[in-house]
Amino acid sequence: MTSLHTLRRKAVNAVMLSLTGLCTFAAAGTLVFILGYLFVHGAKDLSLDFFTKLPTPVGETGGGMANAIVGSAKLLLIAMLVGVPIGFLGGVYLAEFGGATFSFLVRYVTDLLNGVPSIVIGIFAYTLIVLPQKHFSTIAGGLALGVMMIPIAVRSTEEFLRAVPASLREGAMALGASRTKSILTVVIPAAKNGIMTGIMLNLARVAGETAPLLFTSFSNRFWSPGWEQPTAALPVMIFTYAISPYEDWHQQAWAAGFVLLMLVLSVNIIARLLLAKRKHVAR
Amino acid sequence: MQASAPKSQMELTMPTPTNSSALGASEGTSASTIKLSATDLNFHYGSFQALHGISMKIYANRVTAFIGPSGCGKSTFLRTLNRLNEAVRNTRVDGTVLLDGQDIHDIEVSELRRRVGMVFQRSNPFPKSIFENVAYGLRINGMASNRARLREAVEQSLRRAALWDEVKDKLNQSAYGLSGGQQQRLCIARALAVNPEVLLLDEPCSALDPIATAKIEDLIFQLKDSCTIVIVTHNMQQAARVADFTGFFLLGRLIEFDGTTVIFKNPAKKETEDYVTGRFG
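Residues numbered from 1 in each chain as written. Chains lettered and ligands numbered in written order. Predicted model: local features only at pLDDT ≥ 70, side-chain atom pairs only at ≥ 80, totals over all residues. Heavy atoms only, no water.

Student: How would you summarise the overall build of chain B if you had to cite specific residues and measurements?
Tutor: The secondary structure content of chain B amounts to 11 helices and 10 strands. The buried share among the 281 residues of chain B stands at 54%. Expressed as a percentage of contacts within chain B between residues at least 6 apart in sequence, the contacts between residues at least 24 apart total 68%. Entry remark: accessible area of chain B is about 11900 Å², with carbon and sulfur atoms responsible for 48%. (Helix = DSSP H or I, 4+ residues; strand = E, 2+ residues; numbered from the N terminus. Buried < 20%, exposed > 50% of the residue type's maximum accessible area, 1.4 Å probe, protein only. Contact = heavy atoms within 4.5 Å. Areas by Shrake-Rupley, 256 points an atom, 1.4 Å probe, with all protein chains shown as cover.)

Student: I'd like a description of helix α7 (residues 166-174) of chain A, backed by residues and values.
Tutor: All names here are of chain A. Among the 9 residues in α7, 7 count as buried, and that is most of the element. Within α7 the residues assigned to the buried category are L168, R169, E170, G171, A172, M173 and A174. In the segment just after α7, G176 is the residue with positive phi, at about 105°.

Student: Explain the confidence of the model for chain A residue by residue, including any values.
Tutor: Averaged over chain A, the pLDDT score is 89; the fraction of residues at 70 or greater is 98%. Across chain A, helix α6 (residues 138-162) of chain A holds the top mean pLDDT of 94, while helix α11 (residues 247-282) of chain A sits lowest at 82. (pLDDT = per-residue confidence, 0-100.)

Student: Quick rundown of the packing of helix α5 (residues 118-133) of chain A against α6 of chain A? Include the residues and the values.
Tutor: All names here are of chain A. Running from amino to carboxyl end, α5 crosses α6 at an angle of 135°, the nearest separation of the two axes being 9 Å. Regarding the angle of α5 to α6, the classification is oblique. In the packing of α5 onto α6, the handedness of the crossing is right-handed. Facing S118, I121, G122, F124, A125, L128, I129 and V130 of α5, the residues of α6 in contact are I139, A140, L143, A144, V147 and M148. Residue composition of the contact of α5 with α6, grouped by class: 12 nonpolar, 2 polar and no charged. (Axes fitted to C-alpha atoms, helices over the stretch in contact; angles between N-to-C directions. Parallel < 35°, antiparallel > 145°, perpendicular 65-115°, else oblique. Left-handed = near helix turned anticlockwise from the far one by under 90°. Nonpolar A, V, L, I, M, F, W, Y, C, P; charged D, E, K, R; others polar.)

Student: Break down the sheet that holds strand β5 (residues 102-103) of chain B for me, citing the residues and quoting the values.
Tutor: Residue and element names in this part refer to chain B. The 4 strands lie next to each other as β2-β1-β4-β5, forming an open sheet whose pairing is antiparallel. The open sheet has two edge strands, β2 (48-59) and β5, and neither has a second partner. Here strand β1 (residues 34-45) runs beside β2; their pairing, made up of 8 bridges, is antiparallel. For Y45, the partnering residue across the bridge sits in β2 and is F48. (Pairing = 2+ DSSP bridges.)

Student: Just give me the short version of the sheet that holds strand β10 (residues 253-259) of chain B, but keep the residues and values in it.
Tutor: All names here are of chain B. Spatially, 6 strands are ordered β6-β7-β8-β3-β9-β10 in an open sheet, and the strand pairing comes out mixed. Strands with a single pairing partner mark the edges of an open sheet, and in this sheet they are β6 (116-119) and β10. Each neighbouring strand pair of the sheet contributes to a mean axis angle of 15°, computed without reference to strand direction. One ladder, built from 4 bridges, connects strand β3 (residues 63-67) with strand β9 (residues 245-250); its direction is parallel. Following the sheet pairing, T64 is matched in β9 by F245. Across the sheet, helix α7 (residues 180-192) is in contact with β6 and β7 (198-202); its angle to β6 comes to roughly 170°. Contacts from helix α8 (residues 210-223) reach β3, β7 and β8 (228-232) within the one sheet, and its direction differs from that of β8 by about 150°.

Student: Quick rundown of the pattern of salt bridges? Include the residues and the values.
Tutor: Summed over all chains, the structure comprises 20 salt bridges over all chains. The partner of E158 of chain A in a salt bridge is R155 of chain A, and the shortest N-O contact between them spans 3.4 Å. Here the residue E158 of chain A and the residue R155 of chain A both occupy positions in helix α6, the gap between them amounting to 3 residues, near one helical turn. Look at R155 of chain A and you get partly exposed, because its relative accessible area is 23%. Here E217 of chain B and R241 of chain B are joined by a salt bridge, their closest N and O atoms 2.7 Å apart. Of this pair, E217 of chain B sits in helix α8 while R241 of chain B sits in helix α9 (residues 236-242), and the two are 24 residues apart along the sequence. Residue classification places E217 of chain B among the buried positions, given a relative accessible area of 1%. Each of R107, D111, R155, E158 and R162 of chain A takes part in a single network of salt bridges with overlapping partners. (Salt bridge = Lys/Arg side-chain N within 4 Å of Asp/Glu carboxyl O.)

Student: Tell me about the confidence of the model for chain B, and please be specific about residues and values.
Tutor: Residues with a pLDDT of 70 or more make up 88% of chain B, whose mean pLDDT is 86. Predicted complex metrics record ipTM = 0.81 and pTM = 0.80.

Student: So what's going on with a nonpolar patch on the surface? Residues and values would help.
Tutor: Taken together, the side chains of V12, V15, M16 and L19 of chain A define a hydrophobic patch exposed on the protein surface, amounting to about 360 Å² of accessible area. Tracing the sequence through the fold places V15 of chain A in helix α1 (residues 2-42). (Patch = residues over 30% accessible without salt bridge, like charges linked within 9 Å, V, L, I, M, F, W, Y side chains within 5 Å.)

Here it is, written out as structure tokens:
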């Protein structure tokens with residue numbers, strides 16, 4: 001009787017263990033598979049030309065995506081200029097000043113904004129900038145990415161500020177610091193690494209966005225002549241090249257995918273290291 | 001045990017008033033001028049009344065200890081003395097507290113907190129260097145006119161907190177590298193840097209080992225010359241060792257306030273006797 005019970009218990013345990021293990025393997029394995037696949041297909045076609053040359057016309061081999069790399073950098077710069085100040089200051093307000101009801105509303109709205117599909121945010125930038133100007137522009141693309149950054153920037157800033165112990169605020173105020181002064185001189189510096197990490201992860205997230213760029217910054221076969229002109233960007237290039245019928249373009253798309261992933265991955269790793277360092281100091 | 005020396009000294013110099021209402025300024029010598037006096041102080045957290053009509057006089061250059069079980073309001077009372085409770089939402093205070101005869105609500109709050117310094121239960125150094133921790137109060141209060149003055153003031157504060165010799169070679173290192181006892185003394189140095197007239201200590205030794213505790217207690221004796229000290233403590237031996245006066249709090253009321261020897265040897269109230277003899281709490 002007892003042994004039968006034990007047997008059943010062991011069987012259930014074995015089944016559950018292998019089931020959860022399998023799912024864990026599937027989750028982690030997907031990333032490893034994507035990384036490996038991109039490495040195999042992307043890395044072999046990667047050369048210095050990819051980083052320094054413009055795309056070649058159809059039928060001509062070689063060339064690179066220098067304009068798309070620069071374009072992505074410009075888009076992210078604008079995104080940062082839009083998303084970081086709004087997100088950071090909004091987060092400071094929510095964490096330090098907002099009343100309960102108002103903060104709840106703002107938090108709810110930012111969560112909603114976070115859930116808005118990226119293509120809808122693209123339409124927003126399209127309506128706001130592209131339509132009145134009657135041409136695609138880098139600024140419109142950057143704005144779309146910037147708006148996408150706001151909700152996460154607000155929430156991550158708020159979270160990291162809230163994580164600063166109340167004892168530090170009180171310590172500063174007990175020395176005569178005003179509320180604002182204690183926030184500026186103690187709370188924000190204490191949360192600095194965390195906030196920066198949040199911004200970097202956020203940036204890495206929007207760096208791979210394609211949909212909102214399709215009808216804002218559009219694309220460009222050449223160097224973008226200015227901030228108000230369309231520009232190439234890595235994710236859009238991947239999309240364009242991958243659906244093209246040309247074999248060498250496919251190869252370029254793999255290479256671009258590999259570069260984009262490496263960029264995002266390295267930003268992620270640097271951000272995690274920054275955060276780990278902070279934890280180590282604060283114990 | 002180091003309790004004997006200060007205790008006997010205390011017995012000699014103390015005015016030994018009989019109860020809180022009799023603690024008038026007229027009784028004492030010039031050494032026992034009133035630094036802080038609270039009258040009918042009530043404090044509410046939302047609908048909960050944490051303090052009920054506290055009246056008490058705190059004498060200059062004396063150590064006053066508050067004892068009582070957890071949640072009895074002694075820390076809350078301490079935090080009304082530098083108006084730190086105001087930062088907590090949904091609180092209300094009424095009654096008066098006078099600092100040198102002036103209502104603390106008429107003193108600009110940053111000025112009040114500069115004059116009435118505070119050290120907390122858990123050491124709370126800022127995530128900055130040792131130097132910057134001590135310099136913080138001087139900087140935000142505009143008390144450091146130049147670099148040399150600042151260095152001098154920081155060194156002096158660290159010396160007063162008996163920490164200088166241990167940290168003088170690593171002033172630019174993070175304060176988090178110090179031990180718990182050193183961190184607490186750093187917080188004392190930080191509070192001393194702005195030359196407070198009163199130092200509020202909120203269970204400063206509760207997280208420290210006996211050796212670190214002894215160091216802080218030694219420090220309290222030295223600081224008495226330049227500061228009025230108010231200390232909240234859970235440790236009755238500590239109150240007996242360091243304090244000239246002791247107040248016993250229970251359920252938001254000040255049950256008894258008197259010279260420390262009276263409180264511990266001959267308390268007037270039954271509750272006080274029960275508590276100090278360990279019958280409850």
